[in-house]
Amino acid sequence: MTKAYRYKLVPNKAQRYALARTMDVCRELYNDALAQRNYNYRSGNRCYRMEQSAELPELKAAFPVHKNVYSQVLQHVLDRLDKSFKNFFRSGFGFPRFKGANRFHSFTYPQSGFSLNGKRLSLSKIGNVKVRLSRELPTDAAVKTCTIKHTVSGWFAIMTFEHKPIPLPQSDLEVGIDVGIVNFAALSDGSFVPNQRFYQSAQAELRRAQRRVSRRKKGSNRRRKAVVLLRKVHERIASRRLDFLHKETTKIVRKFGLIAIEDLNVAGMARGNLAKQILDASWSTWKRLLSYKAEEAGRTKAGVPPQHTSQECDACEYVDAGNRKSQSEFECLRCSHADHADTNGAKRILARALKQLGRTVPSNANATAVMAA
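Residues numbered from 1 in each chain as written. Predicted model: local features only at pLDDT ≥ 70, side-chain atom pairs only at ≥ 80, totals over all residues. Heavy atoms only, no water.

Peer 1: Could you give an account of the sheet that holds strand β4 (residues 120–123), naming the residues involved and the relevant values?
Peer 2: The antiparallel open sheet is built from 7 strands, whose spatial order is β2-β6-β7-β1-β5-β4-β3. The open sheet has two edge strands, β2 (106–109) and β3 (114–117), and neither has a second partner. Across the sheet, the mean angle from the axis of one strand to that of its neighbour is 30 degrees, orientation sign disregarded. (Pairing = 2+ DSSP bridges. Helix = DSSP H or I, 4+ residues; strand = E, 2+ residues; numbered from the N terminus. Axes fitted to C-alpha atoms, helices over the stretch in contact; angles between N-to-C directions.)

This is the structure we're talking about:
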């Protein structure tokens, strides 16, 4: 299984200069390679990845600053551009564009040139950089790549590695999960995960930071500093959200052996009136984290069609839009079964997942008895 850990780097002054210089050289190489390809395409010729790679020795001789960057890092920049062109030719949109200083934030050691020795990360042409090991790599981890990324909070190293996951002890508990806006998630056992609304709760702080930017003169140092402060606010929001999602998905994976969720078209739903609330909840990230953690832990994750789960009765399976009286109230028009609307939806998600897997679906009475126990 392939995973990636991110570690905070603590470079000294000389190392910060070397990291910034490497980033700038990589950006210039990317732009030069893109300009060469664009020129050849306009003149009716094709310029391929291997041809540009063969010209790197001549480029180093003409511009000695490139010698200060590890060779495979430069090769990876050309791979990055080539991948951008392949994506464009495959999809038909997203033509590669030139990168300004504020649009190029990382470079990669794809195979070698780096090694982690205790609390020091050795980077070729840069030096031994102090690293904060927030968590240890697995003992059997085979590190494949090391990406150095710069954000408003500093420098980070992203270590990609392969390892053999150790499954968690088997669990016979089953759960269906219905995500929403009022509550972030409703579980079929009757519990709820509250919606933290990180973006909405940070609106006052964001307004202050945005006003500070708007009042500064464009191009001034004070405006650049204000922009940095604004970016830090956005980064804190994203960090809090990701921390919340990691903690909640870990709780679910540790407890339940079968996890049933809806196959929602989040991108389509985010085009509606609730776009800001849906994106703030970050359902896609929730699903991605839940998927890889379930796979790593040896859990079963099932995705079911989301149609009418909020309108289908868990007792008699009668479907009617009138069953859902309000955002939270559900009462079946046929059998008068009443429950919290989101909890009823979560139970139907679990029932559909059990049917897909060919397993016995418990009746509503049996399910109630299990919840009471």
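Peer 1: Describe the pairing of strand β8 (residues 174–179), with residues and values.
Peer 2: The element β8 is extensively covered by neighbouring structure, given that 5 of its 6 residues are classed as buried. Bridge count for β8 against strand β11 (residues 258–262) is 3 bridges, and the pairing is parallel. Note on β11: the bridge partner recorded for E174 is L258. Looking at chain direction, β8 and strand β9 (residues 183–187) are connected through 3 bridges and run antiparallel. Looking at the pairing, I177 lines up with L187 of β9. From the end of β8 to the start of β9, which pair antiparallel, there are 3 residues. (Buried < 20%, exposed > 50% of the residue type's maximum accessible area, 1.4 Å probe, protein only.)

Peer 1: How would you sum up the pattern of salt bridges? Please name residues and give values.
Peer 2: Taken as a whole and assessed by the stated rule, the structure comprises 19 salt bridges. Between R27 and D24 there is a salt bridge; the shortest N-O distance is 2.8 Å. Here the residue R27 and the residue D24 both occupy positions in helix α1 (residues 13–42), the gap between them amounting to 3 residues, near one helical turn. For R348, the salt bridge identified is with E312, shortest N-O distance 3.2 Å. Of the two residues, R348 sits in helix α11 (residues 341–356) while E312 sits in the loop between β12 (300–304) and β13 (329–331), which places them 36 residues apart along the sequence. Across the pair, exposure class does not vary: R348 and E312 are buried alike. Overlapping salt bridges, with partners in common, bring together E312, D314, E317, R348, R352 and K355 in one network. (Salt bridge = Lys/Arg side-chain N within 4 Å of Asp/Glu carboxyl O.)

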